[in-house]
Each structure stands twice: as C-alpha cells, then as structure tokens.
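Listed below are the residues making up each chain.
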Amino acid sequence: MTRILLFTGKGGVGKTTAAAATAVRAAREGLKTIVVSTDTAHSLADALGVEAGGEPAEVVSGLYLHQVDTQRALERQWGELRDYARGLFAELGLDEITAEEITVLPGAEEILALLQLREHARAGTWDVVVVDCAPTAETLRLLALPEALDWHVNRLLPAGRRLLRTVAPLVRRVAQVSVPDDHVIGAGERLHRGLLEVREMLTGPSASVRLVLTPEAVVLAEARRTLTSLSLYGYRVDGVIANRVFPGDGADAWRSGWVQAQAARLAEVAESFAPLPVHTVPYLDAEPVGPAALAKVAEAMYGQADPFAPPQGDPPLRITPEGELILALPLADRSQVNVARKGDELIVDAGSHRRVLALPAALARRAVKAAVLRDGLLRVRFETGGPDD
C-alpha cells in the first residue's frame, strides 16, 4: 500500500524543506518516491535544486518530482464545464477574453493537485507519495472541500437534473441562453467523485499529516488550532516537526536568549502534542538546497526513527460496537465546541470550523442522548428512539 505523507504549517516555517528532505530520505532507503505540491508557490523544485516540468521527472535515483501542469490538467478534469461556461457568457454578450477570465475556477491549481495525487496513489507505482501542502489556512479549506461539496451535490444535483429537463426548453426560448445538458452535469459529477476518492484516500490508514512549526508563540498557537481542525475533518496527524531550533552549545549571550526562549516553547510543543513525536531540526548555517543537503536535514529530523511506518492509534472518527460516535478533537476549547442534530446529520462546530456528518442508518434512527468533550475526545451517545429533529 502506498504511504502518503502531507506536510503543512504556517507560511515560512520550512514545510517545503521538511517535505523535500523526507522524500530524499525515502529514496535513499530504496523506496520509490514521488513528491508533489498543492502549494501554488511551487518551491519544491527550488528546494531540490532542479528545474520542474509538467511530467514526473527523476531528481535522483528513486525520487521523482511532479509539478502539475495546471492548464493541461484543467482541460482534462474541467474542460466540459469551462466550455459550457464560456459559451454561456458569450451568449450574454461578454467578449472572449473576459469570459475566459471569469471561468477560471478559484483554487483550481490546488484541486487539480489533489486529483493528480489520487492518480499517483492509484497507479501502484510508488511506495511513498510526499505532498508539500499550502499554508495551514489554505490546506484546511482544501481538505474540507470534498466533504462539503458532497453535501451540496447530494442535495442539489438530483433535483437540479429534473428541474433542468423541465425548464430547459423554456429558458432557451425566452432567455435565449443555453442550459447545461447531462454531458456537462456529468463532468461535474466526475469531478465530485474524484474529490471524494481523494478524501477517502487521505483519511485512510496509509495517509497522515505532519505539522511543521518553529518554536515561536504565534506559530505554536496556529499549529494547535490546525491539529484540532484536521482531526475534526477526519485527517490523522502522526508527528510534529520543530524547525530552526538554535543549538545550545557554545552560544554567545545573544543566542543564549534565543536558546532559552525556544526551550520554553519546545516544552509547550511537547506538552501540547503528546503523545505525537516531535522531530527537531537545528537552525542551519546555510540554506539546504539539493538532495545532499536535504539528506542531512532528514538525518537530523528523524535520526533512527522510521518516518514511513504506518500511523498508529485509532482514526479521528470511529463508531464503537455500542453505537457511540467518537470524534478526536485534541486541544479543543470546550467553550468553542458545539454539537447539533438535524435530520440524519450531526453538525459539529470547533472554533471557526464546521463539519456536517451524515450518520449511518443505525444511528440516524436514534436521538442524541448526550455529547461530552473529555480528554480531547468528543463522545456522542444515542438513545434507542427516533432522531431529535
């Protein structure tokens, strides 16, 4: 089974370096590895010291880099929908250039990188897939997208198909514009199915996220929130990488101040993220560029640990044989967690993030008895009666 590792963190903490170093380590251990990016900055090629093309290219023996050709992938995955939208705007009198600009899908590069990741994982070619994700806020929005899209599609698409078949002749005759046919809607459905497959893959037993941070108060605060939010959406975090740690040996007065401040933050990191392992990377005297330098970073980062071992422990979301729903919400503030029931769905808010969970049939028929957040776990128990709409 292909091991999938995603790296994210606040912008500027060194997540691209951590991802690239991990990929180099995998290749040196004899694992056929590909490293891709969902970050539109595309810094991976710079970190590896190579030029990137539109197809996977071998960097060193066993290590390949893929910088997704967004334009070509966009036409393949989104072509029918874009063609329809461009035609519609042309019918409304917009010129070709304006129509082209309007039909650029927001977040297209990140979405297409996820779909390309699915292709790599399904191919069976790779032992390890390493993903350099965008900064945390963008990554959370991206990883929440498949489930959110599924919620809307399941409610709107069936009714929308029926409505379009009914009103299409009238719209064409009265408004003088085209309406999407089944071919266009089918393209949207394929995109929807692809993103669901991505979610299933990234929440599966062979995928995990690693949080990259620097020992600073603001960065640590964001990393703590990110851990909670990733767990809310069902993504497993299996480690933390503390980057740019000042070595304490031979420190002068100025650096000693930094060493002491970072030591205090690192103690907070260990306490906050326990029992997750915390891998530290020292502040280097030169920027690590190229496979040789990145291999040294990986050695410092992981030491004798196995960075490619399957993630351990329970998944973030599970249902016990007794019918109790358990959702991991590590570091969540009880005052910011809210649980509501609507029909056969359970709505969980954690801070500014929300997840709508479609309950399995066995629980959808039962009312919520209690919801308790304790020790980082939200436990929802159900009665034996009907749902409390």
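Residues numbered from 1 in each chain as written. Predicted model: local features only at pLDDT ≥ 70, side-chain atom pairs only at ≥ 80, totals over all residues. Heavy atoms only, no water.

(A) Expanded view of the pattern of salt bridges. By the definition in use, this model includes 14 salt bridges. The salt bridge involving K15 is made with D132; its shortest N-O contact spans 3.3 Å. Taken together, the positions of K15 in helix α1 (residues 15–28) and D132 in strand β5 (residues 128–132) put the pair 117 residues apart, joining distant regions of the chain. With respect to burial, K15 and D132 carry one shared label: buried. For R354, the salt bridge is made with D349, and the minimal N-O distance between the two is 2.6 Å. With a relative accessible area of 15%, D349 lands in the buried category. Each of the salt bridges in this network shares a partner with another, and the network as a whole consists of R118, E119, R122 and E197. (Salt bridge = Lys/Arg side-chain N within 4 Å of Asp/Glu carboxyl O. Helix = DSSP H or I, 4+ residues; strand = E, 2+ residues; numbered from the N terminus. Buried < 20%, exposed > 50% of the residue type's maximum accessible area, 1.4 Å probe, protein only.)

(B) The arrangement of the environment of V281 in detail. By secondary structure assignment, the location of V281 is in strand β8 (residues 278–282). In the structure, V281 is positioned 18 residues away from E299 in sequence and 9.2 Å away in space, judged by C-alpha atoms. When sequence neighbours within four positions are dropped, the list of residues in contact with V281 reads I241, A242, N243, R244, V245, V297 and M301. (Contact = heavy atoms within 4.5 Å.)

(C) Representation of the confidence of the model for the protein. Scored by pLDDT, the protein comes out at a mean of 81, with 76% of its residues at no less than 70. Within the model, the stretch residues 88–104 combines pLDDT values under 50 with 18 contacts to residues more than four positions away or in other chains. (pLDDT = per-residue confidence, 0-100.)

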